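# Analysis of the macromolecular model
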Amino acid sequence: MRLKGKIAVITGSAQGIGKAIAETFAAEGANLVISDINAELSQKTADEIKAKYGVETIAVAGNVAKLEECENLIKGSLDKFSKIDILVNNAGITKDNLVLRMSENEWDAVIAVNLKGVFNCIKAASKPMLKQREGRIINIASVVGQMGNAGQINYSASKGGVIAMTKTCAREFASRNILVNAIAPGFIRTAMTDALSEEAKKALSEQIPLTRLGEPSDVAKAALFFASDDSSYITGHVLSVNGGMYM
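As a starting point, this report considers the structure included with it. (Residues numbered from 1 in each chain as written. Predicted model: local features only at pLDDT ≥ 70, side-chain atom pairs only at ≥ 80, totals over all residues. Heavy atoms only, no water.)

### Quick word on the nonpolar core
Condition: For the purposes of this section, nonpolar cores are sets of buried Ala, Val, Leu, Ile, Met, Phe, Trp, Tyr and Cys residues that join through side-chain atoms within 4.5 Å. Here the term buried applies to any residue with accessible area under 20% of the maximum for its type, exposed to any over 50%, and partly exposed to those in between, with areas from a 1.4 Å probe on protein chains only. Segments assigned H or I by DSSP are reported as helices when at least four residues long, segments assigned E as strands when at least two residues long, and all are numbered from the N terminus.
In terms of nonpolar packing, the biggest core is built from 34 residues, with Val33, Leu87, Ile122, Ile137, Phe173 and Val180 touching the most fellow members. Counting residues per element, the ones that place at least two in this core are strand 1 (7-11), helix 3 (67-81), helix 4 (104-132), helix 6 (153-173) and strand 6 (178-185). Here this core takes 7 residues from helix 4, the largest share from any one element. Counting 29 residues, the second-largest nonpolar core is a separate cluster that includes Leu3, Ala26, Ala46 and Ala220.

Right, dumping it as structure tokens:
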């Protein structure tokens, strides 16, 4: 088991890609802090994973856009487990619109969660990691942060910022053996894409050389690689999980 005894904090992990990462880590022996803005769903997911995989889990609800709540997340994690080995910054939202139609609120909301939220969590979690001179930080970016996408100026800006933040933190923390990497998923099959029409799904697939959408497990396996000793000489890297959509 590659993560036996490790403690992983995963934001946005009550469902979707975050939940897939949590389950993949649990299957490899990690104890988990499930965090999401939805307190009830967070607890439900934590209970499910504990029962299924026999690992220790806690649920800590919070809004990553607020630094105080991120600090409470890390405090709650340390109170339960005494250390944090892995932080996965997965929480994110979308509020799509064309540039000329995008409201200030749509811009601010996405930047607050997707970009500032990653900063808040890294700022809070890096303190105990620096003291223990070890840690892994995995940021979930997006192919849109690499190539852009019409109607997503806020989302692409936030995810491009996450990529830049990843590289900066990798340089700042390397001397303390804290590795910071990012994953840039393409179109992944989630509740959001499941709601699309078959025609829309077909149009998406035609943009992808592998001609299909990815699965949450594809992203989860990439996260497991960065969390494990298999990536011990890799930091500041952006791993594309996009079926060849952007090369």
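Back to the write-up after that little detour.
### Overview of the packing of aromatic side chains
The geometry of an aromatic ring pair is captured by two quantities: the separation of the ring centres and the angle between the planes. For the record, the criterion: Stacked, tilted and edge-to-face are the three classes applied to pairs of Phe, Tyr and Trp rings, where Trp contributes its six-membered ring and a pair requires centres within 6.5 Å; stacked means planes under 30 degrees apart, edge-to-face means over 60, and tilted covers the rest. Only when the NZ atom of a Lys or the CZ atom of an Arg is both within 6 Å of the ring centre and within 35 degrees of the ring normal do we say a charge sits over the ring.
This structure, assessed with the given rule, holds 1 aromatic pair. Ring plane angle 45° and centroid distance 5.5 Å describe the contact between phenylalanine 225 and phenylalanine 226, whose orientation is recorded as tilted. Using a relative accessible area of 1% as the deciding quantity, one classes phenylalanine 226 as buried. Over the ring of phenylalanine 81 we find lysine 80, and its NZ or CZ is 5.9 Å from the ring centre.

### Some words on the environment of proline 128
Counted only if it meets this: Any two residues having at least one pair of non-hydrogen atoms within 4.5 Å are treated as being in contact.
Its location among the elements puts proline 128 in helix 4. Residue class for proline 128 comes out buried when judged on its relative accessible area of 13%. When the C-alpha atoms of proline 128 and leucine 78 are compared, they prove to be 8.7 Å apart, with 50 residues separating the residues in sequence. Not counting residues up to four positions away in its chain, the partners in contact with proline 128 are Ile74 and Leu78.

### Here we look at the packing of helix 4 against helix 6
Helix-helix packing: each pair is described by the crossing angle between the helix axes and the interaxial distance. In plain terms, the rule: To obtain each axis, a line is fitted to C-alpha atoms, and for helices this fit is confined to the stretch in contact; angles are then taken between N-to-C directions over 0 to 180 degrees. Angular relationships are summarised with four words: roughly parallel below 35 degrees, roughly antiparallel beyond 145, roughly perpendicular across 65 to 115, and oblique for the angles in between. By the definition used in this description, the sense in which the near helix is turned from the far one sets the handedness, with an anticlockwise turn below a right angle giving left-handed and a clockwise turn giving right-handed. For this classification, Asp, Glu, Lys and Arg are treated as charged, while Ala, Val, Leu, Ile, Met, Phe, Trp, Tyr, Cys and Pro are nonpolar and the rest, including Gly, are polar.
One can describe the packing of helix 4 onto helix 6 by two numbers: an axis separation of 8 Å at closest approach and a directional angle of 15°. One way to sum up the angle between helix 4 and helix 6 is to call them roughly parallel. The chirality of how helix 4 crosses helix 6 is right-handed. Judged by residue contacts, Glu106, Trp107, Val110, Ile111, Asn114, Leu115, Val118, Phe119, Ile122, Ser126 and Leu130 of helix 4 engage Ile153, Asn154, Tyr155, Ala157, Ser158, Lys159, Gly161, Val162, Met165, Cys169 and Phe173 from helix 6. Grouping the constituent residues of the contact of helix 4 with helix 6 by class yields 15 nonpolar, 5 polar and 2 charged.

### A few points about the side chain of asparagine 139
Under the convention used in this document: Think of a polar contact as two N or O atoms within 3.5 Å of one another; within protein, one of them needs to be a possible hydrogen donor and the other a possible acceptor, and neighboring residues in sequence only count if both atoms come from side chains.
Looking at the element boundaries, asparagine 139 is found in strand 5 (residues 135-140). Judged by relative accessible area, asparagine 139 falls into the buried class, the value being 0%. Polar contacts involving the side chain of asparagine 139 include one to the side chain of asparagine 89, which spans 2.8 Å. Excluding residues that lie within four positions of it along the chain, asparagine 139 makes contacts with Asn89, Val118, Ile122, Val162, Thr166, Val180, Asn181, Ala182 and Ile183.

### Describing the packing of helix 1 (residues 16-27) against helix 2 (residues 39-53)
Between helix 1 and helix 2, the least distance of the axes is 10 Å, while the angle of their chain directions is 25°. Taken together, helix 1 and helix 2 sit at an angle that is classed as roughly parallel. At the point where helix 1 passes helix 2, the crossing takes the right-handed sense. Here Lys19, Ala22, Glu23, Ala26 and Ala27 of helix 1 lie close against helix 2, whose contacting residues are Thr45, Glu48, Ile49, Lys52 and Tyr53. By residue class, the composition of the contact of helix 1 with helix 2 is 5 nonpolar, 1 polar and 4 charged.

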